[in-house]
Amino acid sequence: MDARKNLSTVFSRAPAGLEAPLVRVEVHLGTGLPAFGLVGLPEAVVRESRERVRAALVTAGYEFPQRRITVNLSPADLPKEGGRFDLPIAVGILAADHKINARLLKQREFYGELSLGGALRETRKLLPALIAGAKRGSEIILPAANSLEASLVSGKLRLMNNLDEVVAALGGRAAPRPAALAPLPAPDPDQSAASDFETIGALKAIADIADIAEIRGQYAAKRALEIAAAGDHGLLMIGPPGAGKTLLAQRLPGLLPPLSEQEFLEVASLESAAGRRPSIGGRRPFRSPQHTASMAALIGGGAMRPGELSLAHLGVLFLDEFPEFPRNALEALREPMESGMVSVARLKQTCEFPARFQLVAAMNPCPCGYAGDVRGRCHCTAEQIARYRSRISGPLVDRIDIHIELSALPVQDLMTDAPQSAETSATVAQRVAAARELQLQRQGKLNSRLTPVEVARICAVAREPRALLATAIARLGLSARAYHRVLKVARTCADLGGAPEIRTLDVAEAVKLRALDQPKC
Ligand SMILES: [Zn+2]
């Protein structure tokens, strides 16, 4: 038999962060003792993939060729994860064995992990591949279980349940044993590769339904949250346990405008690249990593996987117990806070992910949490308090526009059944949206992103507010950077009030929002 006739090429893509480079899966059936060799995947992955492909073909009723089978995935130096290549390998074997017309494979791409029974299972990290494949104009064949990701992409996408459907779609002969078609994969919490997909996290669910009207009192903090939302300003809340810092932070996404279609696709791609099922609804992300999280979990890494900073892209990154985060983790925040990107170094290459998050940080006023408590519960020394606060001092705090102090309220006083009089998130969100629109029309960006040169032009102040500003600078000893931040926040306060010029009251409010710069009494 002519060896060339037993060759097939199937296209797929490898997961590489937000990119999805094309992979050629070449299958050759040769003479010699029956064998099944797989080149281009890590050994452990190869073993499992080989077993699944063989079992899927046999169980679905196809004859497994008793030949010397060689499968080559190229290029060789791409990071490849096994499961998604099961279907392309199986299709390649059938095409090389003339069960499918090999010419039909050219304009198509194939994705999907196979169960031992030939069913197509939900496969991770597919969205970037689907976007890239659609851009190339390919017809993409993928598991029906990935319909959520498929729904986000416009292109020629065909959802399939099992190997038989794929073969039928390619005009191949159906397996001779139609009654034994594998059923849809049942959820298998122990074995399914897709089972550790994170379902929508509890915190995210809270953020989706939490309304600011449920928080009683804390008017100053709510106002600070509104200003932060309106100007995209970073926010640091300092207060004892029970002051409602977390409750407030969870309500920030509800004050922000919904994601645009393009932004939503960016967020969904990052979730997919992290191996998560994209969340739906267009709400901005709310991520709340613990201070015990590893650096890889925070900034990304591993198999080109985005971390928490990128999963918070275009949404809110909430860091509770801010000073407890390791110094290198806090340092890692600085780059994305400036550039909106985070670089992840792998062995030889660097991978970049977007990470334009809005930072909300929370901390206790002292190590025990009760400094300033009227019942005198705090016994921290001045030195202990100073050391605690110094962990977050310097360049990082300098980059946070707004800091506020909150006082404790008993939880039963904090949460209400949303009385008629309380403002809802929807009402506040309208004011926020109007203020953001003003900024975009005036300067094409939100106030927090203004450069020093732009601050001088856009945040100019008239004589009276300037006098107040001068007094505040002298009294608080503000640095040049802090001075710029006060001006930006004052600009946002004016925008919320619909004022074309920064007013004295705007400057007064912005100065009050620098709690860490206030003289200690
Ligand atoms: Zn204390």
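Source: prediction; values computed, not measured. In this numbering scheme, every chain counts its residues from 1 along its sequence in written order. The model is predicted, so local features are restricted to residues of pLDDT at least 70 and side-chain atom pairs to those at 80 or more, both for listing and for counting; the totals for chains, interfaces and linings are taken over all residues. Hydrogens and water molecules were not included; the side-chain quantities draw on all heavy atoms of the structure.

A. The arrangement of the pattern of salt bridges in detail. Between Lys or Arg on one side and Asp or Glu on the other, a salt bridge is scored when a side-chain nitrogen of the former is within 4 Å of a carboxyl oxygen of the latter. The tally for this structure, following the rule as stated, stands at 28 salt bridges. Arg387 serves as the salt-bridge partner of Glu383, at 3.9 Å between the closest nitrogen and oxygen. Of the two residues, Glu383 and Arg387 both sit in helix H14 (residues 382–390), four residues apart, roughly one turn of that helix. Salt bridges sharing partners connect three or more residues here, namely Arg13, Glu109 and Arg136. Under the DSSP-based scheme used, a helix requires at least four consecutive residues in state H or I and a strand at least two consecutive residues in state E, with every element numbered from the N terminus.

B. View of the packing of helix H17 (residues 425–443) against helix H20 (residues 480–496). Lines fitted to the C-alpha atoms define the axes, with helices restricted to the stretch that makes contact. Angles between their N-to-C directions range from 0 to 180 degrees. Contact pair H17 / H20: the axes reach a minimum separation of 8 Å and the direction vectors enclose 115°. Where H17 crosses over H20, the handedness of that crossing is right-handed. Of H20, the residues touching H17 (which contributes Arg431, Val432, Ala435, Leu438, Gln439 and Arg442) are Arg491, Thr492, Asp495 and Leu496. It is the rotation of the near helix from the far one that decides the hand of a crossing: anticlockwise by less than a right angle makes it left-handed, clockwise makes it right-handed. Contacts are assigned to residue pairs with any non-hydrogen atoms lying within 4.5 Å of each other.

C. Broad picture of the coordination of the zinc ion. The protein atoms donating to the zinc ion are Cys366 (SG), Cys368 (SG), Cys378 (SG) and Cys380 (SG), with metal-donor distances spanning 2.2 to 2.4 Å. For the zinc ion, the four donor atoms in the first shell make angles of 105 to 112° at the metal, a pattern classed as tetrahedral. A donor here means an N, O or S atom no more than 2.8 Å from the metal, or no more than 3.2 Å when the metal is Na, K or Ca. Since water is not included, a site may seem to lack partners. In primary sequence terms, the donor set of the zinc ion follows C-x1-C-x9-C-x1-C. Buried means the residue's accessible area, taken with a 1.4 Å probe over protein chains only, is under 20% of the maximum for its type, while exposed means over 50%, and partly exposed covers the values in between. In this structure Cys366 comes out as buried when scored by relative accessible area, which is 0%. With relative accessibility at 33%, the residue Cys368 sits in the partly exposed group. In this scheme the shape depends on donor count and angles: four donors with every angle between 85 and 135 degrees give tetrahedral, four or six donors with opposite pairs above 155 degrees and others between 65 and 115 give square planar or octahedral in turn, and any other case is irregular.

So, to be careful, I would describe these as geometric facts and stop short of saying anything about function.
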